[in-house]
Amino acid sequence: MYKNILRPLLFQMDAEKAHNLVFNMLPLANKLKLAGLLGGKYRNKKLERTLFGITFPNPVGLAAGFDKDARLYKELSDLGFGFIEIGTVTPRAQAGNEKPRLFRLKEDSALINRMGFNNEGVEAAVERLKANGRNGKRVIIGGNIGKNKATPNDKAVDDYVFCFDALYNYVDYFVVNVSSPNTPNLRELQEKEPLMALLNALQERNGKNSEEGKRKPILLKIAPDLSNDQLLDIIDIVSETKIDGVIATNTTISRDGLESANKNESGGLSGKPLCKRATEVIRFLAEKSNKSFPIIGVGGIHSAEDALEKLEAGASLIQLYTGFIYEGPGLIREINEKIAE
Ligand SMILES: Cc1cc2nc3c(=O)[nH]c(=O)nc-3n(C[C@H](O)[C@H](O)[C@H](O)COP(=O)(O)O)c2cc1C
């Protein structure tokens, strides 16, 4: 139904407008119990994975950026995802970059985005998470946190700690996003010194926010454009700061081998052209660290085979974004069936 009916209609529209339309339609589709028709759901006990103390019903998650403001995590979970990552959220609401800022590259099965962390601010997300809860369902939620554009890098720690504190009791794990290409200079925070300072500051707060003193897993999301030396630094940093894992990868600034008219738009490239490099990063991290921390693999997964490749390279869980736009919810089921098999 998605690929034959919905996608041709949505792909006629401007990419961001199509995204907003889907967002507005999904609650209604859910109320009418139409989510099942989209064919994403597949339950099988064999798919459960326990990682950093969390039991995921299946290893296929929705990557950050789709549900930035925690509006639809329950509906998206009903489509079949094993976990939903909300955000990136920043302390204060911000509009993001000027439109248009999201582009389809159909011939390349890709997207370029320069959204720029448009979000309503962390408090709005917290209010929604409080009000909507989880309906007693097992919806695993990750909180992806960032800094406001106006915050200089030497004050970035304050922004991350603010979001961490605010979200602490409402998400299951945290993701520190220092890898978006669309906030000026953000990626400089991936260098060893500022990154150590940031992660140590979060670890310092970890557990102090909860009445039971329970700490939450912290993962670091990295860019696919890091060099091998920088990746080796990341391995040291994970071990020294004792964070729980890495999400590899965010979008790329590379434009190799593209054919579509939109290929020269600035921003981060996602989808099929990213697949190989994201898998290389996962394999490098897994091999060089002797699998000493879990990796969530993301980048260009458009088929069950792509997902299996990421798992074989060393990922424990995977996430989708662009593949979900191109293939629809059926992709979640296809991957889960193949993994179970
Ligand atoms: C429109 C769009 C917005 C995104 N926003 C975020 C974000 O806010 N935070 C983040 O960590 N990643 C964000 N991402 C990156 C995705 O989470 C993912 O890492 C990347 O797109 C690679 O996966 P894919 O090839 O399956 O899309 C965004 C991606 C897209 C396409």
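In case you missed it, the structure is sitting above this.
Residues numbered from 1 in each chain as written. Predicted model: local features only at pLDDT ≥ 70, side-chain atom pairs only at ≥ 80, totals over all residues. Heavy atoms only, no water.

Engineer: If you had to explain helix 7 (residues 228–241) to someone new, which residues and values would you point to?
Structural biologist: For helix 7, spanning 14 residues, the distance from its first C-alpha to its last is 20 Å, which sits close to the expected 20 Å at 1.5 Å a residue. Every buried residue belonging to helix 7 is among Leu231, Ile234, Ile235, Ile237, Val238 and Thr241, and all of these are buried. Across the axial projection of helix 7, the buried residues extend over an arc of 165°, all falling on one side. Within helix 7, the exposed residues directed more than 90 degrees away from the buried face are Asp229 and Ser239. In this structure, the buried side of helix 7 is in contact with helix 6 (192–205), strand 9 (218–222), strand 10 (245–248) and helix 8 (275–288). Just past helix 7, the residue lysine 242 takes up positive phi, approximately 55°. (Helix = DSSP H or I, 4+ residues; strand = E, 2+ residues; numbered from the N terminus. Expected span 1.5 Å × (residues − 1). Buried < 20%, exposed > 50% of the residue type's maximum accessible area, 1.4 Å probe, protein only. Arc of directions from axis to C-beta. Contact = heavy atoms within 4.5 Å.)

Engineer: Which residues make up the packing of aromatic side chains, and what values do they have?
Structural biologist: Going through the model one piece at a time under the given rule, you end up with 12 aromatic pairs. Measuring from centroid to centroid gives 5.5 Å for phenylalanine 66 and tyrosine 321, while their planes differ by 70°, and the two rings are edge-to-face. Here phenylalanine 66, found in strand 3 (residues 60–67), pairs with tyrosine 321, found in the loop between strand 13 (317–320) and helix 10 (322–327); they are 255 residues apart in sequence, far enough to count as distant. A relative accessible area of 5% means that phenylalanine 66 is categorised as buried. In this structure tyrosine 321 comes out as partly exposed when scored by relative accessible area, which is 22%. For the ring pair phenylalanine 83 and tyrosine 173, a centre distance of 6.4 Å and an interplane angle of 65° mean the geometry is edge-to-face. Of this pair, phenylalanine 83 sits in strand 4 (residues 83–89) while tyrosine 173 sits in strand 8 (residues 173–177), and the two are 90 residues apart along the sequence. (Phe/Tyr/Trp six-rings, centres within 6.5 Å; stacked < 30°, edge-to-face > 60°.)

Engineer: An account of the pairing of strand 5 (residues 102–105) is requested, with residue identities and associated values reported.
Structural biologist: Residues Leu102 and Arg104 of strand 5 are buried on one face, and the alternating residues Phe103 and Leu105, pointing to the opposite face, are buried as well. As paired elements, strand 5 and strand 6 (residues 110–113) share four bridges and run antiparallel to each other. Counterpart to phenylalanine 103 in the pairing with strand 6 is isoleucine 112. Connecting strand 5 to the next strand, strand 6, in antiparallel fashion are four residues, including serine 109 with a positive phi near 50°. (Pairing = 2+ DSSP bridges.)

Engineer: Tell me about empty space enclosed by the protein, and please be specific about residues and values.
Structural biologist: Applying the stated criterion to the full structure yields one cavity of 30 Å³ or more. The calculated volume of the largest cavity comes to roughly 30 Å³. Lining the largest cavity are Gln190, Glu191, Lys192, Gln230, Asp233 and Ile234. Tallying contributions element by element places helix 7 first for the lining of the largest cavity, with three residues. When its residues are assigned to classes, the lining of the largest cavity shows one nonpolar, two polar and three charged. (1 Å grid on protein atoms, 1.4 Å probe; cavity = no way out; pocket = protein on both sides within 12 Å on 5 of 7 lines; lining within 4 Å. Points joined across faces, edges and corners; volume = space filled by probe spheres on them. Nonpolar A, V, L, I, M, F, W, Y, C, P; charged D, E, K, R; others polar.)

Engineer: Explain the site of the ligand to me, using residue names and the numbers behind them.
Structural biologist: Every one of the 23 residues lining the ligand counts as a neighbour, but Ala64, Thr88, Gly271, Gly300 and Thr322 are closest to it. Between asparagine 144 and the ligand, the recorded distance is 3.0 Å, taken from a side-chain N or O atom to an oxygen atom. Interatomic distance of 2.9 Å between a side-chain N/O atom of lysine 221 and an oxygen atom of the ligand. When each cavity is represented as a set of grid points, the ligand is found to reside in the largest pocket. At the level of secondary structure, the elements contributing two or more residues to the shell around the ligand comprise strand 3, strand 4, strand 6 and strand 11 (268–271). Per-element tally for the shell around the ligand: the top contributor is strand 3, with three residues. Residues belonging to the shell around the ligand are distributed by class as follows: seven nonpolar, 14 polar and two charged. (Near = heavy atom within 4 Å. Polar contact = N/O pair within 3.5 Å; in protein donor to acceptor, adjacent residues only side chain to side chain. Sits in = over half its atoms within 2 Å of the grid points.)

Engineer: Describe in detail a nonpolar patch on the surface, supporting the description with residues and values.
Structural biologist: Side chains of Met1, Ile5, Leu9, Leu28, Leu32, Leu34 and Leu37 sit close together on the surface and give an oily, nonpolar patch of about 700 Å² of accessible area. By the secondary structure assignment, methionine 1 is in the segment before helix 1 (2–10). What makes methionine 1 partly exposed here is its relative accessible area of 47%. (Patch = residues over 30% accessible without salt bridge, like charges linked within 9 Å, V, L, I, M, F, W, Y side chains within 5 Å. Areas by Shrake-Rupley, 256 points an atom, 1.4 Å probe, with all protein chains shown as cover. Salt bridge = Lys/Arg side-chain N within 4 Å of Asp/Glu carboxyl O.)

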